[in-house]
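Commentary on secondary and tertiary structure
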Amino acid sequence: MTFNDLLSLGPLLNIAGASVLAMLLVAIWRNHRLVYYFTVLAYLLALMSVVPVARLLPHEIPPLVVIDLFALFNSGAIVGSGLIIVLLSYNYFEEREERKEEYYLLLLLATAGALVLVISRHFMSLFLGLEMLSISLYGLIAYLRARERSDEAGIKYLILAALSSAFLLFGMALVYGFTGHMDFPGIGAYLRETETLPVSVIAGFGLMLIGIGFKLGVVPFHMWAPDIYEGAPLPVTAFVATISKGGVLVLLIRFYQDVNGKEYTMLWWIMAIIAVISMFAGNWLALTQQNIKRLLAYSSIAHLGYLLVGFLSGAQSGLEAIAFYLVAYFVTSIGAFGVLIVMSSSVQDAETVEDYRGLFWRYPWVALVFTVMLLSLAGIPLTAGFIGKFYIVMAGVDGERWFLLIMLVINSVIGLYYYIRIIAMMFRTSETPLRTYIKPALPLAGNITLGLLVVVLIGLGVYPTRMMQLIQEMMTLIK
Amino acid sequence: MILLYIILIPVLGALLSWLTAARNTALCRWIALCSLLLDLGIVTAIWLGNGAAENGWLYHLQAPWIPQFGISLHLAMDGLSLVMLALTFFLGALAVLISWREITTKTGFFHFNLLFVITGIAGVFLTMDLFLFYFFWEVMLIPMYFLIGIWGHERREYAAYKFFIFTQAGGLLMLLSILALYFVHASNTGVYTFNYFELLNTPMERTLAMWLMLGFLVAFLVKLPAVPFHTWLPDAHTEAPTAGSVVLAGLLLKTGAYGILRFVLPLFPAASQEFAPWAMLLGVAGILYGGQLAFAQPDFKRLIAYTSVSHMGFVLLGAFAFNELAYQGVVMQMITHGISTGALFMLAGVLYERIHTRELSRMGGLWPVLPGMGTVTMIFVMASLGLPGLGNFIAEFLVLLGSWQANRLLTVLAALGLVVATVYSLRIMQKVFFGQTERQYTLPDLGLREWLIMAPLVLVILWLGVYPQPVLKTVTPNTENESVKQKAESKKPTAGNLFAPNSFQHKKQPL
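Cut-offs and rules
- Residues numbered from 1 in each chain as written.
- Chains lettered and ligands numbered in written order.
- Predicted model: local features only at pLDDT ≥ 70, side-chain atom pairs only at ≥ 80, totals over all residues.
- Heavy atoms only, no water.
- Helix = DSSP H or I, 4+ residues; strand = E, 2+ residues; numbered from the N terminus.
- Rg over C-alpha atoms; globule rule 2.2 N^0.38 Å.
- Buried < 20%, exposed > 50% of the residue type's maximum accessible area, 1.4 Å probe, protein only.
- Contact = heavy atoms within 4.5 Å.
- Buried area = accessible area lost by both parts, 1.4 Å probe.
- Salt bridge = Lys/Arg side-chain N within 4 Å of Asp/Glu carboxyl O.
- Polar contact = N/O pair within 3.5 Å; in protein donor to acceptor, adjacent residues only side chain to side chain.
- Nonpolar A, V, L, I, M, F, W, Y, C, P; charged D, E, K, R; others polar.
- UniProt positions renumbered as here; feature names shortened; annotations may be inferred.
- Core = buried A, V, L, I, M, F, W, Y, C linked by side-chain atoms within 4.5 Å.
- Expected span 1.5 Å × (residues − 1).
- 1 Å grid on protein atoms, 1.4 Å probe; cavity = no way out; pocket = protein on both sides within 12 Å on 5 of 7 lines; lining within 4 Å.
- Points joined across faces, edges and corners; volume = space filled by probe spheres on them.
- Disulfide = S-S within 2.5 Å.
- Phe/Tyr/Trp six-rings, centres within 6.5 Å; stacked < 30°, edge-to-face > 60°.
- Lys NZ or Arg CZ within 6 Å of the ring centre and 35° of its normal.
- Axes fitted to C-alpha atoms, helices over the stretch in contact; angles between N-to-C directions.
- Parallel < 35°, antiparallel > 145°, perpendicular 65-115°, else oblique.
- Left-handed = near helix turned anticlockwise from the far one by under 90°.

Next up on the list: the overall build of chain A. Looking only at helices and strands, one finds 21 helices and two strands in chain A. Since a compact globule built from 479 residues should have a radius of gyration of about 23 Å, the 21 Å found for chain A is in line with a globular shape. Projecting the C-alpha coordinates of chain A onto the three principal axes gives extents of approximately 70 × 55 × 40 Å. In chain A, buried positions account for 65% of the 479 residues. Within chain A, contacts between residues at least 6 apart in sequence are counted, and of these 80% link residues at least 24 apart.

Okay, here's the thing in structure tokens:
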């Protein structure tokens with residue numbers, strides 16, 4: 001390994017190293033605050049180590065990984081989101097759990113897994129990253145052992161993730177067995193040469209799609225999402241919703257590009273069907289949901305459907321749209337869960353819609369942040385979510401996917417209903433409290449983080465030019 | 001730059017009034033009022049300065065915003081925009097005044113929303129970039145949603161939802177059309193742009209043009225509202241607070257009409273021609289159906305809301321008649337309907353403050369108690385039914401004159417709408433001010449503030465009825481270079497000189 005190899009892996013090495021150090025730190029002196037600061041520092045260093053890599057692009061370390069602008073951009077997004085999640089975590093765990101230090105260890109490991117995913121272009125590194133991510137998540141999801149739904153969520157995720165990994169492995173084995181390649185470009189080259197694909201390779205792709213679909217939480221592999229969202233600790237839910245799904249989606253895009261997926265109409269149709277039913281099922285199930293965590297779980301299923309529409313548009317702008325939408329979605333989701341985190345007290349999570357009744361008149365700041373986040377999820381102007389949705393619709397029109405677009409429009413309108421429902425609840429004026437309100441913790445650090453997210457969200461919504469330039473540069477490279 | 005200031009002043013006012021409200025609610029109201037009056041002053045100054053004389057575009061502002069997509073901050077003002085802006089700030093200022101006593105809770109947030117809606121509306125009237133247009137189109141929804149949902153009457157949340165979802169659905173279809181137009185233009189010329197002036201005259205296939213036109217039209221028909229899409233309107237108007245109803249009826253509906261005049265007709269001239277009979281039919285259906293429903297309403301505000309459906313039918317009828325007379329009638333109708341319906345909603349609000357009901361059956365015999373209010377209501381009821389001498393008459397007369405040339409049968413049916421209007425309008429007077437007194441009221445008549453609101457409205461509606469020339473002249477230059485170009489070359493008289501002195505020789509109509 002040369003120095004440049006090491007340098008280009010900077011973010012990953014930072015996070016991975018930090019997880020080892022954090023483990024030692026916990027063994028020597030168990031102190032929540034110390035581990036917290038250490039983790040924040042590790043994320044900051046990892047974020048900074050993204051910068052020098054930019055000069056080396058594109059850098060390949062054959063056969064496992066490639067670090068191009070696309071990978072680097074997503075690494076940055078993952079580390080940045082991880083940092084924000086850590087910032088929001090401290091108070092949440094401080095008041096809940098006795099042994100809270102290992103949480104940071106697991107979070108670092110899971111982040112490292114996601115970082116491996118976005119730079120991998122080989123089945124081995126893919127599986128390595130995916131398992132690192134999943135196994136850390138087993139622990140993270142069931143972290144608050146004392147809570148009743150925590151175990152259920154953990155076990156559910158364990159079984160289903162293991163099952164989906166098995167599908168993925170079997171699929172990869174089939175593909176390898178018949179193509180003789182485990183690296184994406186190699187598989188792509190093989191596919192280009194063969195006229196008719198052997199059935200086993202098609203079956204292999206199908207099985208892999210099941211595995212990936214599970215991690216993305218798209219219909220019909222979505223059953224785990226609401227339970228895990230509900231049972232997991234809130235910062236972990238934010239992690240699952242953003243980094244875990246984002247990392248896998250990035251991987252899917254890279255694989256699709258490398259094997260020239262758009263030439264296979266059957267693959268396109270399967271994904272189109274998945275996209276449409278994800279949008280409908282997600283939005284439909286969210287409509288009458290009373291639990292905000294479950295509602296956000298369903299809404300994220302729908303959002304993955306929107307992302308797939310951009311993906312399936314076939315236009316170059318589709319990939320740009322996904323990258324932009326993903327950033328907007330990261331910021332928005334973390335913001336929304338951040339609101340839930342700061343609103344939750346040590347006694348209970350603020351998770352039912354009813355908990356937010358009249359919030360605006362009691363805690364205007366938090367309610368405003370939540371409103372902005374929900375409007376961004378709904379795709380209303382002045383927010384990043386609007387530009388993201390606009391970008392996706394634009395890609396769809398460019399690729400002339402009218403059917404998918406009409407579905408997207410219908411779903412946007414359905415989606416509007418339940419976002420507005422929460423907003424309406426926050427602005428409802430009830431002078432007589434029907435029930436005792438939860439007493440939110442409202443930690444200072446959490447509020448500052450939320451403020452930052454709002455600024456980013458509105459900044460991207462009003463002046464997206466810089467971000468678009470960056471994304472366009474990056475996408476011309478992986479074409 | 002002046003155009004940017006026009007938009008920024010209410011934004012600034014919105015933020016300031018929200019911030020000050022915590023300390024001093026009176027100051028917050030004054031800030032809101034002053035910012036709107038300032039804008040009204042600017043617009044009036046522009047109008048008096050060069051509005052009537054100038055041909056074409058008065059001001060222009062273009063700055064890059066998202067250059068990758070060809071999106072720019074592109075504002076421009078012509079006669080039509082100017083007139084609509086004047087109406088916007090005029091009614092906006094009155095809306096602040098009318099809520100002076102009515103809104104006592106969360107005053108700061110109320111004025112923030114009110115001013116933000118008005119910003120969005122002003123933006124819609126000024127922007128010449130389709131992306132920016134969609135942006136403003138959506139921006140006005142959220143604050144309006146809050147206005148209805150927080151300060152409204154009993155069923156406010158239902159109404160607010162319905163309003164939001166209807167308009168959003170229409171808006172998204174328009175977004176698809178905008179984007180399709182963008183790509184069609186790019187594939188023809190290689191230039192990716194949302195610039196309105198460049199997108200004009202984009203050549204495209206007949207069926208494609210029809211679909212894109214329908215995409216735009218749906219958004220505008222929902223806002224207008226035309227008959228199959230009107231069901232959000234009675235709920236939203238009825239449940240909204242008075243200022244909300246005024247802004248909805250007076251201004252928000254006009255954005256739909258404006259959209260048709262500014263975008264649908266010029267962007268897709270051939271497709272709109274082809275669709276014109278259907279659009280006119282929808283207009284006539286709106287006139288008659290809206291009028292009939294208005295007559296049957298037991299609720300004062302709901303009744304006025306349905307009259308809006310009826311009056312907006314004339315706009316649709318005139319807009320698709322494709323001639324200058326009708327076009328000018330449409331613009332007049334937009335303004336006079338804004339004023340007369342706005343005034344009626346204000347009167348309903350003022351009355352509600354006094355007797356705390358909107359039920360017509362519980363009113364009656366109020367004339368002796370409230371003679372001042374009765375007189376003012378009488379004026380606007382007469383305006384609403386189209387009495388000559390008041391603005392609405394000019395508007396409807398011009399629309400009918402114009403549409404006669406386009407489609408006689410529909411015009412005859414639309415003219416029947418005037419009879420319907422008389423019936424429902426007189427019913428207002430009868431039920432509220434005449435007839436049996438149900439109980440003995442001792443109520444204060446209009447106070448100073450209320451007179452200050454009503455007097456300008458009365459003056460304006462009279463002015464428009466007697467001397468509409470300035471308005472017609474201001475909007476006329478536009479007509480020549482826009483929507484009715486194809487047909488305007490014929491020697492048909494324009495309303496501009498129909499009402500001008502010494503132009504009676506033009507009155508010979510080619511009927």
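The discussion continues.
On the chain A side, the residues contacting the 35 residues of chain B number 39 residues. Buried area between chain B and chain A, both sides added, is near 3400 Å², and the carbon and sulfur share of it is 81%. Summed over the three residues of chain B that lose the most area to chain A, namely B:Q68, B:F69 and B:L176, the buried surface amounts to 17% of that side. Where chain B packs against chain A, one counts zero salt bridges. Linking chain B with chain A are three residue pairs in polar contact (both at pLDDT 80 or more), by the criterion used here. Contributions of two or more residues to the side of chain B that touches chain A are made by β1 (59-66), α4 (107-126), α5 (130-139), α6 (141-151) and α7 (156-189) of chain B. By residue number, the principal contributor to the side of chain B that touches chain A is α7(B), which donates 15 residues. Residues of the side of chain B that touches chain A, tallied by class, amount to 29 nonpolar, two polar and four charged.

For the rest of this paragraph, the subject is the UniProt feature "domain: NADH:quinone oxidoreductase/Mrp antiporter transmembrane" (unreviewed entry) in chain B. The UniProt feature table records "domain: NADH:quinone oxidoreductase/Mrp antiporter transmembrane" (unreviewed entry) at residues 128-417 of chain B. As annotated, residues 128-417 of chain B comprises 80% helix and 0% strand, and the C-alpha atoms at either end are separated by 35 Å.

Here the focus is the nonpolar core. Residues B:I260, B:F320 and B:L457 are the most contacted members of the largest nonpolar core, which totals 399 residues. Broken down by element, the residue count for this core peaks at 20 residues, all from helix α15 (residues 316-343) of chain A. Those residues in contact with B:I260, other than ones at most four positions away along the chain, are B:L217, B:F220, B:L221, B:L224, B:L265, B:P266, B:L316, B:A319 and B:F320.

A few words on helix α2 (residues 10-28) of chain A. Taking 1.5 Å per residue, 19 residues should reach 27 Å; α2(A) reaches 26 Å between its end C-alpha atoms and fits that length. Regarding α2(A), the residues found buried are A:G10, A:P11, A:L12, A:I15, A:A18, A:S19, A:A22 and A:V26.

Before going further, it helps to examine empty space enclosed by the protein. Residues and elements named next belong to chain A. Inspection of the entire model under this criterion finds 12 cavities of 30 Å³ or more. Within this model, the largest cavity holds a volume of roughly 110 Å³. In this structure, the largest cavity is lined by Y256, Q257, K262, G310, F311, L312, S313, G314, A315, Q316, G318 and L319. Split into classes, the residues belonging to the lining of the largest cavity amount to five nonpolar, six polar and one charged.

With that settled, the discussion passes to the state of the cysteines. Going through the model one piece at a time under the given rule, you end up with zero disulfides over all chains. The closest cysteine sulfur to the non-disulfide-bonded B:C34 is located on B:C28, 12 Å from its own sulfur.

Applying the stated criterion to the full structure yields 70 aromatic pairs over all chains. An angle of 10° between the planes, with centres 4.1 Å apart, marks the rings of B:Y182 and B:F194 as stacked. Note that B:Y182 is positioned in helix α7 and B:F194 in the loop between α7 and α8 (196-199), a separation of 12 residues in sequence. The ring of A:W361 is capped by B:K106, whose NZ or CZ atom sits 4.2 Å from the centre of that ring. Geometry around B:F295 places B:R427 over its ring, the cationic atom sitting 5.3 Å from the centre.

Roughly 1000 Å³ of volume is contained in the largest pocket. Here the residues of the lining of the largest pocket are counted per class, giving 31 nonpolar, four polar and one charged.

Residues and elements named next belong to chain A. When you line up the elements, I84 lands in helix α5 (residues 69-94). A relative accessible area of 17% means that I84 is categorised as buried. With 316 residues separating them in the primary sequence, I84 and E400 have C-alpha atoms 38 Å apart. Discounting chain neighbours no more than four positions away, the residues touching I84 are I334, T449 and L453.

So, about the pattern of salt bridges. Residues and elements named next belong to chain B. A full pass over the atoms with the stated rule returns 22 salt bridges over all chains. Two residues, R358 and E154, come together in a salt bridge whose shortest N-O distance is 3.8 Å. Note that R358 is positioned in the loop between α14 (324-355) and α15 (371-385) and E154 in the loop between α6 and α7, a separation of 204 residues in sequence. Of the charged contacts, one joins D235 and R155 as a salt bridge, the two residues approaching to 3.7 Å between their closest N and O atoms. In this pair, D235 sits in helix α10 (residues 232-239) while R155 sits in the loop between α6 and α7, placing the two residues 80 residues apart along the sequence. We classify R155 as partly exposed; its relative accessible area is 42%.

Helix-helix packing: each pair is described by the crossing angle between the helix axes and the interaxial distance. All names here are of chain B. The contact between α14 and helix α16 (residues 391-406) brings their axes to 7 Å, and the two run at 150°. The pairing of α14 with α16 is recorded here as roughly antiparallel in orientation. Here α14 runs over α16; the crossing is left-handed. Residues L325, A326, Q328, G329, V330, M332, Q333, T336 and S340 of α14 form the contact with α16, whose participating residues are G391, N392, I394, A395, E396, L398, V399, L401, G402, S403 and Q405. The residue inventory of the contact of α14 with α16, partitioned by class, reads nine nonpolar, 10 polar and one charged.

Moving on to unusual backbone geometry. In this structure, A:P63 follows A:P62 across a cis peptide bond, with omega equal to -5°. Mapped onto the elements of the fold, A:P63 is located in the loop between β1 (59-61) and β2 (65-67). The omega torsion of the bond from B:L224 to B:P225 falls at -10°, within 30 degrees of zero and hence cis. Residue placement: B:P225 occurs in the loop between α9 (206-223) and α10. A positive phi is found at A:E400, a non-glycine position, where the angle reads about 55°. Looking at the element boundaries, A:E400 is found in the loop between α18 (384-398) and α19 (402-427). Its identity is not glycine, yet B:K106 carries a phi of approximately 50°, on the positive side. By secondary structure assignment, the location of B:K106 is in the loop between α3 (79-102) and α4.

With that settled, consider helix α6 (residues 101-119) of chain A. Between its terminal C-alpha atoms α6(A) stretches 29 Å, which fits the 27 Å expected from 19 residues at 1.5 Å a residue. Within α6(A), 17 of the 19 residues are buried, which leaves the element mostly enclosed by the surrounding structure.

Next up on the list: the side chain of B:T341. Considering the arrangement of structural elements, one finds B:T341 in helix α14. Taking relative accessible area as the criterion, B:T341 reaches 1% and is therefore assigned buried.

Residue and element names in this part refer to chain A. Running from N to C, α5 and α15 point in directions that differ by 5°, and their axes come no closer than 10 Å. Classed by the angle they form, the pair α5 and α15 counts as roughly parallel. When α5 is examined against α15, the residues F73, N74, A77, I78, S81, I84, I85, L88 and Y92 are found in contact with a partner set consisting of A323, L326, V327, F330, I334, G338 and I341. The residue inventory of the contact of α5 with α15, partitioned by class, reads 13 nonpolar, three polar and no charged.

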